[in-house]
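# Working through the structure, step by step
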Amino acid sequence: TLAIISVLMMKIGGQTFCMPLANVEEAIALDESLVRVVEGREVMTQRGATLPIVRLARFFRVDDDAVSQRSYVVIGMLGERRVGFVVDRLLGQQDIVIKALGKSLRHVRGFAGATELGDQRVGLVLDVAALIEEVLHHDDSRPIGVFGAKAAGGAE
């Protein structure tokens, strides 16, 4: 099954990921001086509200190929719930054809599908609802692997 969706393209480590625009509230430059740790989680204040943030390179265990001079926070939303996802670079908006993941990856949390980027590379499309659930309801000090398998327990 194929569908066309509008996404925000971004780089995390050396990898390209896509976030559906329907789940993006906004993207802002990360000011590290605003980041603090509350109850073991990184948060920042954004427009007077506390926003939990997660560094997706660490969360997905993506190797950091190049140290980025500037990072960005993509604020993902699902209803009233919001999480800031820290990414290395913003590549812009694009309409993509999303394809479901194959049988072996179908039950992996955190990814809604994949798209061909046009240069024989594949970009993974983030499942914002699953990521928000994971970040807000689980201990994000336990990163998940690049394909969503928890470090200690394997794929769910």
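Note: the structure precedes this text.
Bear in mind that the values here come from a model prediction, so they are computed numbers and not experimental data. (Residues numbered from 1 in each chain as written. Predicted model: local features only at pLDDT ≥ 70, side-chain atom pairs only at ≥ 80, totals over all residues. Heavy atoms only, no water.)

### Topic: the overall build of the chain
The test is simple: Secondary structure elements follow DSSP: runs of H or I of four or more residues count as helices, runs of E of two or more count as strands, with numbering from the N terminus. Here the term buried applies to any residue with accessible area under 20% of the maximum for its type, exposed to any over 50%, and partly exposed to those in between, with areas from a 1.4 Å probe on protein chains only. Here, two residues are considered to be in contact whenever any of their heavy atoms come within 4.5 Å of each other. A 1.4 Å probe and the Shrake-Rupley method give the accessible areas. Residues count as covered only by the protein chains that appear here.
Scanning the chain from terminus to terminus reveals 2 helices and 11 strands. Among the 156 residues that make up the chain, the fraction classed as buried is 43%. A separation threshold of at least 6 residues defines the contact pool for the chain, and within that pool the share at least 24 residues apart is 61%. Accessible surface for the chain amounts to roughly 8700 Å². Of this, 50% is attributable to carbon and sulfur atoms.

### Re the packing of aromatic side chains
Aromatic ring pairs: the centre-centre distance and the angle between the two ring planes describe each pair. Our working rule: Pairing of aromatic side chains requires ring centres within 6.5 Å, counting the rings of Phe and Tyr and the six-membered ring of Trp. Pairs whose planes differ by under 30 degrees are stacked, by over 60 edge-to-face, and all others tilted.
For the coordinates displayed, the defined rule picks out 4 aromatic pairs. Seen from their ring centres, F17 and F60 are 5.7 Å apart, and the 10° between their planes marks the pair as stacked. In this pair, F17 sits in strand β2 (residues 15-20) while F60 sits in the loop between α1 (56-59) and β7 (72-78), placing the two residues 43 residues apart along the sequence. Here F17 falls in the buried class, since its relative accessible area comes to 2%. Residue class for F60 comes out buried when judged on its relative accessible area of 0%. Put simply, the rings of F17, F59, F60 and F111 touch in pairs and so form one group of aromatic residues.

### A closer look at the pairing of strand β1 (residues 2-12)
Condition: At least two DSSP bridges between two strands are required for those strands to pair.
Of the pairings in the sheet, the one linking β1 to strand β9 (residues 89-99) comprises 10 bridges and is antiparallel in character. Residue pairing across strands places S6 opposite D95, the latter belonging to β9. The pairing of β1 with β2 spans 6 bridges and is classified as antiparallel. Counted as the bridge partner of K11 is T16 from β2. Here β1 folds back onto β2 in antiparallel fashion, the turn holding 2 residues, of which G13 has a positive phi close to 65°.

### Describing the nonpolar core
Basically, it comes down to this: Residues belong to a common nonpolar core when they are buried Ala, Val, Leu, Ile, Met, Phe, Trp, Tyr or Cys residues joined through side-chain atoms within 4.5 Å.
With 26 residues, the main nonpolar core has F17, M19, L56, F60, F85, F111 and L126 as its most contacted residues. Considering every element that reaches this core, the biggest residue donor is helix α2 (residues 128-137), with 4 residues. Excluding residues that lie within four positions of it along the chain, F17 makes contacts with L8, M9, M10, I12, F60, V62, F111, L124 and L126. Grouped together as the second largest cluster of nonpolar side chains are 8 residues, V35, L51, I53 and V86 included.

### Let's talk about the pattern of salt bridges
Which entries qualify depends on this criterion: Note on definitions: salt bridges are taken to be side-chain nitrogens of Lys or Arg within 4 Å of carboxyl oxygens of Asp or Glu.
One pass over the full model with this rule turns up 6 salt bridges. Residue R47 is joined to E26 by a salt bridge in which the shortest nitrogen-to-oxygen separation is 2.2 Å. Here R47 is found in the loop between β5 (41-46) and β6 (49-55), whereas its partner E26 is found in strand β3 (residues 24-29), with 21 residues between them in sequence. E42 serves as the salt-bridge partner of R55, at 2.8 Å between the closest nitrogen and oxygen. Residue R55 is found in strand β6, and its partner E42 is found in strand β5; the two are separated by 13 residues along the sequence.

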